[in-house]
Amino acid sequence: MAKKPLNKTIKTFYGIGDFGFSLMTQVELYFFVFFLTNVAKLPLPLVALIGSITSIVDAVLSPFYGAIISGTKPLKWGRNRSWMLIMPPVVIFLYIFQFTKIGPDPVAAFIICAGFILSHIAWNIPWVANVALIPVLATNPDEAALLASRRATYTALAGIVFSYTGAPLAEYFGKVTNNEVLGYTILAGLTALIMTICYWIVFKITEGYEPTGAEALGSKQGSKVSIGAMVKSLVQNPPLIVLLIADFFRYMVNFVMTAAAAYYFTYVAQDMSLFPAYLLAGSIAQVIGSYFAGSLAKKLSSRNATIVSLYALAASLIICKYVAMNVTLFFVVVFLARMFLGVLTSVMVGLYSDVSIYAHWKTGEDASSFVMGLMTVALKLAVISRGTVIPFVLATAGFIPGADPATATPALKAGVINAFLFIPGIFALISGLIMTFGYKLTREKVVEYQKAINERLAKA
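Since the structure is predicted, the reported quantities are computational estimates derived from the model, not experimental observations. (Residues numbered from 1 in each chain as written. Predicted model: local features only at pLDDT ≥ 70, side-chain atom pairs only at ≥ 80, totals over all residues. Heavy atoms only, no water.)

Here we look at the overall build of the chain
Consideration 1: Of regular secondary structure, the chain possesses 19 helices and 0 strands.
Consideration 2: Against the 2.2 N^0.38 benchmark of 23 Å for 460 residues, the chain shows a C-alpha radius of gyration of 22 Å, consistent with a compact globule.
Consideration 3: The principal-axis extents of the C-alpha atoms in the chain amount to approximately 75 × 50 × 40 Å.
Consideration 4: Looking at the chain residue by residue over its 460 residues, the buried ones come to 53%.
Consideration 5: A separation of at least 24 residues holds for 84% of the contacts in the chain among residues at least 6 apart in sequence.
Consideration 6: By element, 70% of the accessible surface of the chain is carried by carbon and sulfur atoms, the whole surface being about 18800 Å².
Consideration 7: Taking the 33 positively charged and 20 negatively charged side chains of the chain as two groups, their mean positions are separated by 5 Å. (Helix = DSSP H or I, 4+ residues; strand = E, 2+ residues; numbered from the N terminus. Rg over C-alpha atoms; globule rule 2.2 N^0.38 Å. Buried < 20%, exposed > 50% of the residue type's maximum accessible area, 1.4 Å probe, protein only. Contact = heavy atoms within 4.5 Å. Areas by Shrake-Rupley, 256 points an atom, 1.4 Å probe, with all protein chains shown as cover. Lys, Arg positive; Asp, Glu negative; His and termini not counted. Charge placed at Lys NZ, Arg CZ, Asp CG, Glu CD.)

Structural notes on the environment of methionine 257
Consideration 1: Note on placement: methionine 257 falls in helix 12 (residues 238-268).
Consideration 2: Since its relative accessible area comes to 2%, methionine 257 is described here as buried.
Consideration 3: Residues within four places of methionine 257 in sequence aside, it is in contact with Met252, Tyr278, Leu317, Val334, Leu341, Phe420 and Pro424.

Quick word on the packing of helix 14 (residues 302-323) against helix 15 (residues 327-363)
Consideration 1: Running from amino to carboxyl end, helix 14 crosses helix 15 at an angle of 155°, the nearest separation of the two axes being 8 Å. As far as their axial angle goes, helix 15 and helix 14 are roughly antiparallel. The two elements helix 14 and helix 15 meet at a crossing, and its hand is left-handed.
Consideration 2: Residues of the contact of helix 14 with helix 15, tallied by class, amount to 20 nonpolar, 4 polar and 2 charged. (Axes fitted to C-alpha atoms, helices over the stretch in contact; angles between N-to-C directions. Parallel < 35°, antiparallel > 145°, perpendicular 65-115°, else oblique. Left-handed = near helix turned anticlockwise from the far one by under 90°. Nonpolar A, V, L, I, M, F, W, Y, C, P; charged D, E, K, R; others polar.)

As for empty space enclosed by the protein
Consideration 1: The full count for this structure, using the stated rule, is 2 cavities of 30 Å³ or more.
Consideration 2: Roughly 50 Å³ of volume is contained in the largest cavity.
Consideration 3: Lining the largest cavity are Pro141, Asp142, Ala297, Ser301, Ser302, Arg303, Leu351, Asp354, Leu441, Thr442 and Arg443.
Consideration 4: Broken down by secondary-structure element, the contributors of at least two residues to the lining of the largest cavity are helix 8 (141-177), helix 14 and helix 15.
Consideration 5: Within the lining of the largest cavity, the residues separate by chemical class into 4 nonpolar, 3 polar and 4 charged.
Consideration 6: If you go around the second largest cavity, you meet 12 residues; those closest to its centre are Thr139, Asn140, Pro141, Ile357 and Gln450. (1 Å grid on protein atoms, 1.4 Å probe; cavity = no way out; pocket = protein on both sides within 12 Å on 5 of 7 lines; lining within 4 Å. Points joined across faces, edges and corners; volume = space filled by probe spheres on them.)

Observations concerning unusual backbone geometry
Consideration 1: With a phi close to 60°, asparagine 178 is a non-glycine residue in the positive phi region.
Consideration 2: Along the chain, the position of asparagine 178 falls in the loop between helix 8 and helix 9 (180-205).
Consideration 3: According to the relative accessible area criterion, asparagine 178 is exposed, its value standing at 72%.
Consideration 4: With phi around 90°, serine 301 is a residue other than glycine that occupies positive phi space.
Consideration 5: Along the chain, serine 301 turns up in the loop between helix 13 (275-300) and helix 14.
Consideration 6: In this structure serine 301 comes out as buried when scored by relative accessible area, which is 7%.

So, in C-alpha cells, the structure goes:
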C-alpha cells in the first residue's frame, strides 16, 4: 500500500488523542496518592503496598503492549487504528475503580489495585497504537518529527487545561454528590470519556492511511510479526538500544524535577503560593518548545535537534542551580529549561519512528508497534528509579519530615536545589553524551532505508 501524503487535518489535529490521554492521566499523576491518603483515608502501609504493587506490575507489563499489536493479525480497521477504536471505552469502565473505596480497607485496596492495573493495560495498548501510527503516516523523517511535535504540543496543552480544571472539578462533583470519594470517581470517568472521544477523532482523521479489512489481511504489512522478528528488532538494533538508555535519563530529568519542585518552593523560595505559577509557566514553556520542535528537527534533523536540546537542557539546569536563591532569575532560567524539555518530548519520539524503520529494513518484518511501544520501558523504569534519588539527596542534606521551612539550613537548601536542578542537569548531560557518541542513525540513512522498504513491498 503506497503511502498517502499527509493532509492538513492530520498535520493539525493528530495530537488530539494525546491531549485526551494526558488529561486523563493527570488525574492519577496529581491526585492518586492524595486520594488514597486524604480521601479514601487508607492506612499509610496499605498506601505504600498499593503503590509498590501497581508500579511494579505496570513496569513489568510495559514491553508487551507493542508486542500484542505487532504479534496479532490486524483487526477490521487496521493493525493500529482498530485498538484506538475498541479499547478506550473499556478504560472508562476500569479507570473509575482506581478512584473508589468499596468495602473494608483490604477489599478497597484490592479493587483499587485491580482498577489501576487493568485500566493501564486497557489504555497503554491504544497509546502505543496511536504513537505507532507515526511511521505509518509519515513519508519521511521530517513528517515523523512534525507528528511527534503535534503529540507533544497537545500533551502540554492538556497540562495547562488540567491545572485550571482538575481540582475544582473534583471538588464540585464531590459537593454535588455529597460524597468526596465519588467526586474523584466521576472526574476519572469524565476524563476517560474525553480520552475516548479524542482517540476516536484520530481514528477518523487517519482513515485511509492504514490497510484495513481484507486489504490488511491480504498484504505483507498485515501479517503477524513473529516473536523472533520482534526480538531481532531490539537486539539487532543498536540505535534503539542507545535511544532507550538515553531516553531513560531524559525521563529521569522530568520525573525528578516534578517530584522535587514542591520542596524548592517550601524550603528554598519559602513561598508555596508561587508553586501554581511555576506549574503554569512550565506548561506554557513546554507548549512553546513542543510547537517549534518540528521546525527545529526539520532544520537540524531529529538526531541533531535531540543532542542540541539535551546539552541546552543540561546547561540551563546547571546554571539554574547557581541562581536558584533568586526566585526571579530562577523563573527565567527554568522557563528556558522547560522549553528544551518540550522540544525533547517531541523529537525523541520522532527518533523511535526512525529506529522502527531501521528495524523493518534490518529484519524484513514491520514490528513498528513493538518498537514504538518500547519507549514505555524507559518511562516506567524512570518512574521507579526516581523514588531513590530525592530521598537520598534530602537525607544527606539533613532533611527532617515536617520541619519548619523557616528553620531550613543552608545545607538543606543546597540539597533541595541539587535534587531539583543540578542532578537532573547531570542526567540531561549524560543523555546528551550517550546520544552524541552512541546514536549513529542519521536522517539520510532513514530515508535510504524507507526507500528500500517501499521497493521491497512493491515487489511483494
